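Per-entry structural report
The residues making up each chain are set out below.
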Amino acid sequence: MKPILPVLLLSVFFAQNASALCDPIRTKVEIITKPGNVEYITKYSRDEFIKMAPTKVSPNTMGLTVTRLGAQGSAEGYLKQGGAGACAGIEKVIVTIGYDDLIVYIDKKYKPNSCEYRVIKDHEDYHVAVSQQAMAFYRKDIEKTIRKAVDKLSVRKVRSQAEAHRVVEEQLNQVMAELQVLVARMNQKIAEKNYLIDTPESYRETSKKCRNW
């Protein structure tokens, strides 16, 4: 999921009372979480998929889960027109946060019906759960970050629909830029937690579960 991809949906409102122009509005916020689709890939060896890893990989790993949390935003614009001009801003911000895909690599030498495959898959599914549960764990931080960014916005005077569109786009990008700081921190924490799971002790215990290891 790309971190910032604004889609502008401009809703236009007309009013004849010019004295009401540029009155403050409270922008609504909607947050949608996206758990993502898990895809299991078994056509590569351990050495091959480790080379493709986007981040540091534990030397003990027998499988690999690749996730990248992202956020996408869209906005419903506010345009109020009166006899003396018009004002524009954002009436509602919609943020989708989560994953497009979660990729799980398992060494191709382990067949899907083997003990080794099942044990590795169970371990990697735990990594998947860590990534997906981060959205619930950080939910309040996500809401707080978006609300704080939105509350900095203000309705601005505009002279045309095109200018109103630019205001909405600029303000949405401002909100998403602030959220992206939190998303980057979340990705770092997820990576750190996943790395800690892949300890030598953990893999020693894992290797005891199948006779062929």
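This report concerns the structure included in the present document. Please read these numbers as outputs of a predicted model, since none were measured by experiment. The numbering scheme is per chain: residues are counted from 1 as the chain's sequence reads. The model is predicted, so local features are restricted to residues of pLDDT at least 70 and side-chain atom pairs to those at 80 or more, both for listing and for counting; the totals for chains, interfaces and linings are taken over all residues. No hydrogens and no water enter the side-chain calculation; it runs on all heavy atoms of the structure.

1. Quick notes on the nonpolar core
Worth spelling out the cut-off: The term nonpolar core refers to a set of buried residues drawn from Ala, Val, Leu, Ile, Met, Phe, Trp, Tyr and Cys, joined through side-chain atoms within 4.5 Å. Between buried and exposed lies partly exposed: a residue is buried under 20% and exposed over 50% of the maximum accessible area for its type, with that area taken using a 1.4 Å probe on protein chains only. The secondary structure listing takes helices from DSSP runs of H or I that are at least 4 residues long and strands from runs of E that are at least 2 residues long, numbered from the N terminus. Residues are treated as being in contact if the distance between any of their heavy atoms lies within 4.5 Å.
The biggest cluster of nonpolar side chains holds 35 residues, and the ones touching the most others in it are Leu69, Ile90, Ile97, Ile142, Ile146 and Leu179. Looking at this core, the elements with two or more residues in it are β5 (70–82), β6 (85–98), β7 (101–106), α2 (115–137), α3 (139–150) and α4 (161–197). A per-element tally of this core places α4 first, with 9 residues. When residues no more than four places from it in sequence are discounted, the contact partners of Leu69 are Ile97, Gly98, Tyr99, Met135, Val183, Met186 and Asn187. Core analysis: the second largest hydrophobic core is formed by 7 residues, Ile41, Phe49, Ala53 and Leu64 among them.

2. A look at the packing of α3 against α4
Heads up, the rule is: Orientation is described by axes fitted as lines to C-alpha atoms, over the contacting stretch for helices, and by angles from 0 to 180 degrees between their N-to-C directions. In what follows, roughly perpendicular refers to angles from 65 to 115 degrees, roughly parallel to angles under 35, roughly antiparallel to angles over 145, and oblique to any angle outside these ranges. The hand of a helix crossing depends on one turn: near helix anticlockwise from the far one by less than a right angle means left-handed, and clockwise means right-handed. Note on residue categories: nonpolar means Ala, Val, Leu, Ile, Met, Phe, Trp, Tyr, Cys or Pro, charged means Asp, Glu, Lys or Arg, and polar means any other residue, Gly included.
One can describe the packing of α3 onto α4 by two numbers: an axis separation of 8 Å at closest approach and a directional angle of 155 degrees. Considered as vectors, α3 and α4 are oriented roughly antiparallel to each other. Note on packing geometry: the crossing formed by α3 with α4 is right-handed. Across the interface between the two elements, Asp141, Ile142, Thr145, Ile146, Ala149 and Val150 from α3 touch Val175, Glu178, Leu179, Leu182 and Met186 from α4. The residue inventory of the contact of α3 with α4, partitioned by class, reads 8 nonpolar, 1 polar and 2 charged.

3. What about the pattern of salt bridges?
Just so we agree on the cut-off: Salt bridges are counted wherever a side-chain nitrogen of Lys or Arg sits within 4 Å of a carboxyl oxygen of Asp or Glu.
Summed over all chains, the structure comprises 13 salt bridges. Here Lys92 and Glu30 are joined by a salt bridge, their closest N and O atoms 3.0 Å apart. A residue pair is termed long-range when its members are at least 10 positions apart, and Lys92 in strand β6 and Glu30 in strand β2 (residues 28–34) qualify at 62 residues. Classification of Glu30 by relative accessible area gives partly exposed; the value is 31%. Measuring nitrogen to oxygen at the nearest pair gives 3.5 Å for the salt bridge that ties Glu201 to Arg204. With Glu201 and Arg204 both in helix α5 (residues 200–207), this residue pair falls 3 residues apart, about one helical turn. On the basis of relative accessible area, Glu201 is assigned to the partly exposed category, the value being 45%.

4. Considerations on the sheet that holds strand β3 (residues 37–41)
Note the cut-off: Any two strands with at least two DSSP-identified bridges between them are counted as paired.
The sheet built from 3 strands is open, its strands ordered β3-β7-β4 with mixed pairing. Edge strands, defined here as strands with exactly one partner in the open sheet, are β3 and β4 (63–66). Between one strand and the next, the sheet's axes are offset by a mean angle of 15 degrees, whatever the strand orientation. Across 4 bridges, the pairing between β4 and β7 is antiparallel. Pairing of Gly63 across the sheet is with Ile106, part of β7. Against the sheet, α2 contacts β3, β4 and β7, and its axis sits at roughly 155 degrees relative to β7.

5. Points about the side chain of Ser131
The criterion, for reference: Within 3.5 Å is the distance limit for a polar contact, defined as a pair of N or O atoms, with the added protein rule that one can donate a hydrogen and the other accept it, and that residues adjacent in sequence qualify only through two side-chain atoms.
Inspection of the secondary structure assignment puts Ser131 in helix α2. On the basis of relative accessible area, Ser131 is assigned to the buried category, the value being 0%. Side-chain polar atoms of Ser131 contact the side chain of Thr67, separated by 3.1 Å. Residues within four places of Ser131 in sequence aside, it is in contact with Thr67, Tyr99, Leu102, Ile190 and Asn194.

Everything listed here is a matter of geometry and, on its own, says nothing about what the molecule does.
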